[in-house]
2 protein chains.
Amino acid sequence: MVTIRDVAKHAGVSVGTVSRVVSKNLTVSSKMRAAVEAAILELGYKPNLIARSLRNAKSNIIALIVPDIANPHFSQLALHIETVASRFGLMVVVANTHGDVEVERKQIATLSTLTPTGFLIIPAGSNPTGNQTGNIRTVAVDRPYGDHPLVSADHYAGGRLAAAHLIGLGHRRIAYLSGPEELSVAHNRKEGFLSVFDEARQNGKPDLSVPELIAGGFDYALDAETLTKLLLKPICQRPTAIATSNDQQAIGLMRLARDHGVSVPRDLTVIGFDDVPLASLTIPRLTTIAQPVQAIAERAVITLLDTESTNSSILQPVLKQRETSLTVSGWLV
Amino acid sequence: MVTIRDVAKHAGVSVGTVSRVVSKNLTVSSKMRAAVEAAILELGYKPNLIARSLRNAKSNIIALIVPDIANPHFSQLALHIETVASRFGLMVVVANTHGDVEVERKQIATLSTLTPTGFLIIPAGSNPTGNQTGNIRTVAVDRPYGDHPLVSADHYAGGRLAAAHLIGLGHRRIAYLSGPEELSVAHNRKEGFLSVFDEARQNGKPDLSVPELIAGGFDYALDAETLTKLLLKPICQRPTAIATSNDQQAIGLMRLARDHGVSVPRDLTVIGFDDVPLASLTIPRLTTIAQPVQAIAERAVITLLDTESTNSSILQPVLKQRETSLTVSGWLV
DNA sequence: GTGAAAGCGCTAACAG
DNA sequence: CTGTTAGCGCTTTCAC
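Residues numbered from 1 in each chain as written. Chains lettered and ligands numbered in written order. Predicted model: local features only at pLDDT ≥ 70, side-chain atom pairs only at ≥ 80, totals over all residues. Heavy atoms only, no water.

Let's talk about the interface of chain A and chain B
Here is step 1 of the chain: Listed as interface residues are 50 residues of chain A and, on the opposing side, 51 residues of chain B.
Here is step 2 of the chain: Between chain A and chain B the total buried area reaches about 4200 Å² when both faces are included, carbon and sulfur atoms providing 68% of it.
Here is step 3 of the chain: Sorting the residues of chain A by area buried against chain B places Ile50(A), Arg255(A) and Ile283(A) first, and these three jointly supply 18% of that buried surface.
Here is step 4 of the chain: Here Glu323(A) ties to Arg255(B) by a salt bridge, and the two come within 3.7 Å at their closest N and O atoms.
Here is step 5 of the chain: At the boundary of chain A with chain B, the tally comes to twelve residue pairs in polar contact (both at pLDDT 80 or more).
Here is step 6 of the chain: Those elements giving two or more residues to the side of chain A that touches chain B turn out to be α4 (49-56), α5 (72-87), β2 (91-96), α6 (101-112) and α10 (247-259) of chain A.
Here is step 7 of the chain: Among the residues forming the side of chain A that touches chain B, the class breakdown is 27 nonpolar, 15 polar and eight charged.
Here is step 8 of the chain: As paired strands, β2(A) and strand β2 (residues 91-96) of chain B are joined by three bridges and run antiparallel to one another. (Contact = heavy atoms within 4.5 Å. Buried area = accessible area lost by both parts, 1.4 Å probe. Salt bridge = Lys/Arg side-chain N within 4 Å of Asp/Glu carboxyl O. Polar contact = N/O pair within 3.5 Å; in protein donor to acceptor, adjacent residues only side chain to side chain. Helix = DSSP H or I, 4+ residues; strand = E, 2+ residues; numbered from the N terminus. Nonpolar A, V, L, I, M, F, W, Y, C, P; charged D, E, K, R; others polar. Pairing = 2+ DSSP bridges.)

What follows is the structure in structure tokens.
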């Protein structure tokens, strides 16, 4: 390994000088700088990040904590986070919590010993467990974490978008497949969704019944039994549209509908949330509420680096109408 | 930050002793050990990994280089790798190469400055650029990288499995949607696939024509024009089955077939490769060659840690027959 | 503007 | 068995 001393010796200067040119410090005469740079090139010197981190009591590492990197939405997020971080000369270490608050705690403790530049956390559970990161800069992504700045899509608004879309399409019997209630994301999406119905009923559309709620996880697996029962109801009682709280649920739901001979979108309108890459390839293509993933990733890293800022960023989602949502057909009502 | 000195002082021992109990070194009397452990607990001491890494000239970090963490197969792999690594007290930093050999080179150079325990590389491109990792332990995953040990599925065997399945189903006009030829994975899968046809023809099944090859990328996007032309051929010339070199291609293909009114599997059998989580939820469910992802991840980490070993591990894939593959119907031949 | 030197937190000789 | 100490590679005073 070639160290700063080797470079210094080779260039005939002191280590201090080398350090100064390497760390872009300006107080170096141009001739010395040239000599040092030549030596660096010749020797192929690369500053040792570990040593630098120790000295600075801070490493060039962003610690990214996700529930599950294999979740397409999170992996998408991780991709963009790493890409942006890389632009800033930062590396990303990833840890999975598997949705378990306890392992989240452990992961944070472990990663803290790396003295990372900061934590980017997609929290595993509910809020309460909010402050394991000590005085290391922390930004929550997607869901709040303690009182750290939050960068996320406006889930509530997204829920409203979905509801408005379905109502606009003429649907009146609607069900909502919710996510785990302890997750604020799931909660907010649902609340947003329901809020539109509340308002509509107050504004003289009393024919809009309250959406039927079905509890679900947040992954492909869903409460097949309850859903099946719902899908098998007589046509005039069955919901004409089901909104889900993420795309995986929607995909799982379409699969289930198919298994029971319910045709999407003819017999049932489905709408997802997230707009994972696959959503535009399903059969039929999934209508969904798209999160601005790339913008979220960018904003998250920038917020992390702007250590002064205490502001959250809530970005607006947008409806992507594709093929799974249709004007309700007369024969269904 | 509480350091080893604080613990030493608190426990009334020397830093050396503390270090010895922390690093599980045995030569410590039980009473001192107890005192130290008490102090550690009381102070909430956590050894600073950065300092330890500097001292040992090696960090507890696995550098994972992937083309694209958002690729479902790779994110699956990453999940399991991180999980296994975590069992060994190792952290994982991820870097994306976006399939570009040049950025791969840069990422490796950058990550090297972390003096990681080792590199786990899913190489971006072809073999030649094989040795950027210097003397840091390196294990290739999924595809060979230089002459480092390789842990991967047997892609060739997987290709054979797919071919055998289609032939066994009675298909005779078959097409193969290949991946980028410079990727050994793609190459091997294709070669394996074709080898079965060669053998069959030599063993007296001359009615098996050589599969038509269609070049493709490795992602959802495919050569729509060529494929469309193929799908629109008259029924007696059109292939009755198309094998793809990964699940994303297969999903894209099903989408395209649907767009042109070709029904899978009635009019066309499709088979994928990888068995990403989503494959069992597509409509219809995708028949595919499953890679033992978890075993690969485990083996990869273990190989990395067994610094002596120079052995590669080639694990066997297995056919998952689901709904997209069918005995060829008479009217198609 | 530059060099010398202290020291970040830790481990591993080495001496006792 | 335990304490002392040098030093990993780097940055940053502090003198000059």
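Resuming the write-up.
As for unusual backbone geometry
Here is step 1 of the chain: In this structure, the amide linkage connecting Val264(A) to the following residue, Pro265(A), adopts the cis form with an omega of 5°.
Here is step 2 of the chain: Position of Pro265(A) relative to the elements: it lies in the loop between α10 and β9 (269-274).
Here is step 3 of the chain: Backbone torsion omega between Ile283(B) and Pro284(B) reads -10°, so that peptide bond is classified as cis.
Here is step 4 of the chain: Position of Pro284(B) among the secondary structure elements: in the loop between β9 (269-274) and β10 (287-290).
Here is step 5 of the chain: Positioned with a positive phi, Thr115(B) is a non-glycine residue whose angle comes to about 40°.
Here is step 6 of the chain: Tracing the backbone through its elements, the reader meets Thr115(B) in the loop between α6 (101-112) and β3 (118-121).
Here is step 7 of the chain: On the accessibility criterion, Thr115(B) (11% relative accessible area) is buried. (Buried < 20%, exposed > 50% of the residue type's maximum accessible area, 1.4 Å probe, protein only.)

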